[in-house]
Amino acid sequence: MAHALPALPSRPAARVRRLPPVLAVVAVVALLALPLGPDDGGGAHPADAVSALAVLYCALRLVRDRRRPLSRTAAVVLGLPVLGLAVAAAGALSPGAGLTGLGRYLQVFVLVPAAVLLLVRDRADVRLLTWSMVGLALWQGAVGVHQYVTGTGASYQGEPIRAVGTFGSQDVMGMATVVSLGLVCAAGLALGRTPVRHRLLAAGCALALLLPLALSFSRGAWIATAVTCAVQLLLAGVRRALAVGAAAVAAAVVLVGGFGVGTAMLQERVGSITRVTDAPDQSVTDRYTMWAAAAGMWRERPLTGVGLKGFPEHRDAHASLALSSGSETDGAGAGYRRQPLLSPHNMYLLVLAEQGLIGLLALAGSWLALLVLGLRRLRAVRRERGTVPDCAFVACGLLVWQLSDFAYADIGGPSTVLTAVCFGLAAWWALASAGPEVPER
């Protein structure tokens, strides 16, 4: 009697199982390339929904493989913000506001970073995810440059020339964030010990992204990117830093001086960074007025803050009369709107105002731990092998950019999900130091 042969898995199913799990995170990045409608700026982006699916997919894989989800160190570092968030959610003005704020913070700083940490297996996965971020930046940058050239961008000083990519005038910081992070990724890839053609390609992408970053007219993104690239170059070595810095300065001179790319407006925008008391523009006045309002909320409730989502409700009670009624947006496919100022545009002050010292110490403690552990691992790898892999420059660079940008911006808008991916990559590099060396594929 013939024995029945065991059923073999179908080829398509076998191919799906062989796909790297990090593709779930790559899908989140790819969806940020989708254009937003004129009325979609305030709602959830498809990338947010897919990030939730990526977290669910990660959890199902852990259950199926019966793996311990996180090391003790990783659980402590990534779980530390939950303490402050729980206290701030309990102190919110309404249960709905508390739950909404809690879900957003958990998504950005706990759940998605943990999923990225667990779905990334090795350096090849890091490079795949990093190149996807560079590709997204190139796409958004190309759209932004086209907007500047054709006069179809967001309104800036009465002219429709501000590069905003597919994010529209409702989220003028979206393209600047994406392009900046892509530039940091490309710089990290160019500094690593990879084949020369890969480094040249990455360096070319970094130089190409300088133009759309300049045309975004985003002062905070400029400062954060300059600080981060300087840190990356110093981590790579002083001589290399001097050589690459000279090349970047030469490229900037050619773009701005040689081709006259927005010379007058760029000079005016750069000059406004330090113009606080000597005839500042209204956006600078609003920013510093909201910073003072956030500090006032913290002084009122120093330990727990005013509760998640509480800044808009308490703003007018702490802001001076210098604060305008809102910011004006126009262009890039949308009509004129006046948007209320709902946050201080400073992540540290927003956390201090809404979560108090407890929340700030918990969140900032988690970020500082990632930075210290990441830099310590970078030094250990350099001491052991004499070279530093590209993923170290990328992960540390993304974390430095976020911590620098938080001095001029806070979470909000579709690009926020990319912040969660950055923290996940930083966690992968920093927290892998507690275990064995991550293999190379």
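Procedures and definitions
Residues numbered from 1 in each chain as written. Predicted model: local features only at pLDDT ≥ 70, side-chain atom pairs only at ≥ 80, totals over all residues. Heavy atoms only, no water. Helix = DSSP H or I, 4+ residues; strand = E, 2+ residues; numbered from the N terminus. pLDDT = per-residue confidence, 0-100. Contact = heavy atoms within 4.5 Å. Phe/Tyr/Trp six-rings, centres within 6.5 Å; stacked < 30°, edge-to-face > 60°. Buried < 20%, exposed > 50% of the residue type's maximum accessible area, 1.4 Å probe, protein only. Expected span 1.5 Å × (residues − 1). Polar contact = N/O pair within 3.5 Å; in protein donor to acceptor, adjacent residues only side chain to side chain. Core = buried A, V, L, I, M, F, W, Y, C linked by side-chain atoms within 4.5 Å. Arc of directions from axis to C-beta. Salt bridge = Lys/Arg side-chain N within 4 Å of Asp/Glu carboxyl O. Disulfide = S-S within 2.5 Å. Pairing = 2+ DSSP bridges. Axes fitted to C-alpha atoms, helices over the stretch in contact; angles between N-to-C directions. Parallel < 35°, antiparallel > 145°, perpendicular 65-115°, else oblique. Nonpolar A, V, L, I, M, F, W, Y, C, P; charged D, E, K, R; others polar.

Observations regarding the environment of Ala114
Working step 1: By secondary structure assignment, the location of Ala114 is in helix H6 (residues 95-119).
Working step 2: On a C-alpha basis, the gap between Ala114 and Phe423 in space is 8.8 Å, while along the polypeptide they are 309 residues apart.

Focus: the confidence of the model for the chain
Working step 1: For the chain, the mean per-residue pLDDT works out to 84, and 81% of the residues sit at or above 70.
Working step 2: Per-residue pLDDT stays below 50 along residues 433-439; that stretch engages in 14 contacts with residues further than four places along the chain or on separate chains.

Some words on the packing of aromatic side chains
Working step 1: Inspection of the entire model under this criterion finds twelve aromatic pairs.
Working step 2: Measuring from ring centre to ring centre gives 5.5 Å for Phe109 and Phe423, while their planes differ by 80 degrees; the resulting arrangement is edge-to-face. Of this pair, Phe109 sits in helix H6 while Phe423 sits in helix H17 (residues 416-431), and the two are 314 residues apart along the sequence.
Working step 3: Exposure remark for Phe423: the relative accessible area of 3% places this residue in the buried category.
Working step 4: Seen from their ring centres, Tyr348 and Trp367 are 6.0 Å apart, and the 70 degrees between their planes marks the pair as edge-to-face.
Working step 5: For Tyr348, a relative accessible area of 25% gives the class partly exposed.
Working step 6: What makes Trp367 buried here is its relative accessible area of 3%.
Working step 7: Among the aromatic residues, those joined into a ring-pair cluster are Tyr105, Phe109, Tyr348, Trp367, Phe406 and Phe423.

Some points on helix H7 (residues 123-150)
Working step 1: Between the first and last C-alpha of H7 there are 40 Å, a value that for 28 residues agrees with the 40 Å anticipated at 1.5 Å per step.
Working step 2: Its side-chain oxygen placed 3.2 Å from the backbone nitrogen of Ala124, Asp122 serves as the N-cap of H7.
Working step 3: Directly after H7, the chain includes Gly151, whose backbone phi takes a positive value near 70 degrees.

A look at the nonpolar core
Working step 1: Counting residues in each nonpolar core, the largest one holds 115 residues, and the members touching the most others are Tyr105, Phe109 and Met133.
Working step 2: With 14 residues, the single largest contributor to this core is helix H15 (residues 347-385).
Working step 3: Among all residues touching Tyr105, those that are not within four sequence positions of it are Leu85, Val110, Leu308, Met347, Leu350, Val351, Glu354, Gln355, Leu363 and Ile411.

Topic: helix H3 (residues 46-65)
Working step 1: Spanning 20 residues, H3 covers 28 Å between terminal C-alpha atoms, matching the ideal 28 Å at 1.5 Å per step.
Working step 2: Here H3 has its buried residues at Ala47, Asp48, Val50, Ser51, Ala54, Cys58, Arg61 and Leu62. End-on view of H3: buried residues confined to an arc of 165 degrees, all on one side of the axis. Seen from the open side of H3, the exposed residues pointing more than 90 degrees away from its buried face are Leu53, Leu60, Val63 and Arg64.
Working step 3: Along its buried surface, H3 packs onto helix H2 (23-31), H6 and H17.
Working step 4: One or two steps after H3, the chain reaches Arg66, where phi turns positive at roughly 55 degrees.

Focus: the pattern of salt bridges
Working step 1: Tallied over the full model, the rule gives six salt bridges.
Working step 2: Where Arg64 meets Asp65, a salt bridge forms, and the shortest distance between an N and an O atom there is 3.0 Å.
Working step 3: Salt-bridge contacts for Asp316 lead to Arg315; the nearest nitrogen and oxygen are separated by 3.0 Å.
Working step 4: For Asp316, a relative accessible area of 55% corresponds to the exposed category.
Working step 5: Judged by relative accessible area, which is 13%, Arg315 ranks as buried.

A short note on the state of the cysteines
Working step 1: In this structure the tally under the stated criterion is zero disulfides.
Working step 2: Cys391 takes part in no disulfide bond, and the closest cysteine sulfur, belonging to Cys396, lies 9.2 Å away.

Observations regarding the pairing of strand E2 (residues 159-162)
Working step 1: Note that strand E1 (residues 154-156) and E2 share three bridges and pair antiparallel. The residue bridging Ser155 from the neighbouring strand is Pro160, located in E2.

Examining the packing of helix H13 (residues 282-300) against helix H14 (residues 311-318)
Working step 1: Where H13 contacts H14, the two axes come as close as 9 Å, and the packing angle between them is 100 degrees. Compared by their axis directions, H13 and H14 come out roughly perpendicular. Contacts from Met290, Ala293, Ala294, Gly296, Met297 and Glu300 in H13 reach Phe311, His314, Arg315 and His318 in H14.
Working step 2: Of the residues in the contact of H13 with H14, the class split is five nonpolar, three polar and two charged.

Section: the side chain of Gln140
Working step 1: Along the chain, Gln140 falls in helix H7.
Working step 2: In this structure Gln140 comes out as buried when scored by relative accessible area, which is 0%.
Working step 3: Setting aside residues no more than four positions away along its own chain, Gln140 makes contact with Leu32, Ala33, Gly165, Thr166, Phe167, Met175 and Val178.

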